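An overview of the molecular structure
The chain contents come next:
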Amino acid sequence: ETGLIATDYHCVAGAKEIKVFLQDGSFHRARIKDIDDINDLAILQIEGPPPSSLKPLELGSAANLKPDTRITALGHPEGWTPLY
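**With respect to the layout of surface pockets**
Space inside the second largest pocket adds up to approximately 420 Å³. Those elements giving two or more residues to the lining of the second largest pocket turn out to be strand E1 (4-8) and strand E2 (18-21). The element that contributes the greatest number of residues to the lining of the second largest pocket is E1, accounting for three residues. For the lining of the second largest pocket, the per-class residue count stands at nine nonpolar, four polar and three charged.

Listed below in structure tokens is the structure:
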């Protein structure tokens, strides 16, 4: 809702211009707000007001899964270890 988007850092590293393409076919300029190059993570901020078509990702819980439930898993290929 605030126009923040998470992506892989290697996808935007060194970019002079970043455009975010949304599911509705629209595209918007964005800038890098924060990076974690060790974990290959970049947080982008859409420039200007966030588009109404941008919806927050709803996260679920593995505890609620049932057989044949369609899922999408996100994560680092080597696992995640907190830096603190």
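**Quick word on the sheet that holds strand E3 (residues 27-36)**
An order of E1-E4-E3-E2 is seen for the four strands of this open sheet, with the pairing classed as antiparallel. Of all strands in the sheet, those bounded by a partner on one side alone are E1 and E2. Here the strands of the sheet are splayed against their neighbours by 45 degrees on average, with no regard to which way each runs. Two strands pair when backbone bridges link them, and E1 and strand E4 (residues 41-46) are joined in this way by five bridges, in the antiparallel orientation. Within E4, the position partnered with Asp 8 by the bridge is Leu 41.

**Quick look at the nonpolar core**
Ranked by size, the top nonpolar core spans 10 residues in total: Ile 5, Val 12, Ile 18, Val 20, Leu 22, Ala 30, Ala 42, Leu 44, Ile 46 and Leu 54. When residues of this core are traced back to their parent elements, those giving at least two are E2 and E4. In terms of residue count, the dominant contributor to this core is E4 (three residues). Non-local contacts of Leu 44, meaning those with residues more than four positions away in its chain, are made with Gly 3, Leu 4, Ile 5, Thr 7, Val 12, Ile 18, Val 20, Ala 30, Arg 31, Ile 32 and Lys 33.

**Re the pairing of E3**
Within a regular beta strand, the side chains point alternately toward one face of the sheet and then the other, so they alternate between its two faces. By the bridge criterion, four bridges tie E2 to E3 in an arrangement that is antiparallel. What sits directly across from Phe 21, in E3, is Phe 27. If you look at the hairpin formed by E2 and E3, you'll find five residues sitting between the two strands, and Gly 25 has a positive phi there, around 95 degrees. Counting the residues between successive antiparallel strands, the hairpin from E3 to E4 contains four residues, one of them, Asp 40, with a positive phi of roughly 55 degrees.

**Regarding the packing of aromatic side chains**
A full pass over the atoms with the stated rule returns one aromatic pair. The interplanar angle of 40 degrees and the centroid separation of 5.6 Å between the aromatic rings of Phe 21 and Phe 27 together place this pair among those described as tilted. By relative accessible area, which is 46% here, Phe 27 ends up partly exposed.

**Some details on the side chain of Gln 45**
Relative to the assigned elements, Gln 45 resides in strand E4. A relative accessible area of 15% places Gln 45 in the buried class. In terms of polar contacts, Gln 45 uses its side chain to reach the backbone carbonyl oxygen of Thr 2, at 2.9 Å.

Conventions adopted
- Residues numbered from 1 in each chain as written.
- Predicted model: local features only at pLDDT ≥ 70, side-chain atom pairs only at ≥ 80, totals over all residues.
- Heavy atoms only, no water.
- 1 Å grid on protein atoms, 1.4 Å probe; cavity = no way out; pocket = protein on both sides within 12 Å on 5 of 7 lines; lining within 4 Å.
- Points joined across faces, edges and corners; volume = space filled by probe spheres on them.
- Helix = DSSP H or I, 4+ residues; strand = E, 2+ residues; numbered from the N terminus.
- Nonpolar A, V, L, I, M, F, W, Y, C, P; charged D, E, K, R; others polar.
- Pairing = 2+ DSSP bridges.
- Axes fitted to C-alpha atoms, helices over the stretch in contact; angles between N-to-C directions.
- Core = buried A, V, L, I, M, F, W, Y, C linked by side-chain atoms within 4.5 Å.
- Buried < 20%, exposed > 50% of the residue type's maximum accessible area, 1.4 Å probe, protein only.
- Contact = heavy atoms within 4.5 Å.
- Phe/Tyr/Trp six-rings, centres within 6.5 Å; stacked < 30°, edge-to-face > 60°.
- Polar contact = N/O pair within 3.5 Å; in protein donor to acceptor, adjacent residues only side chain to side chain.

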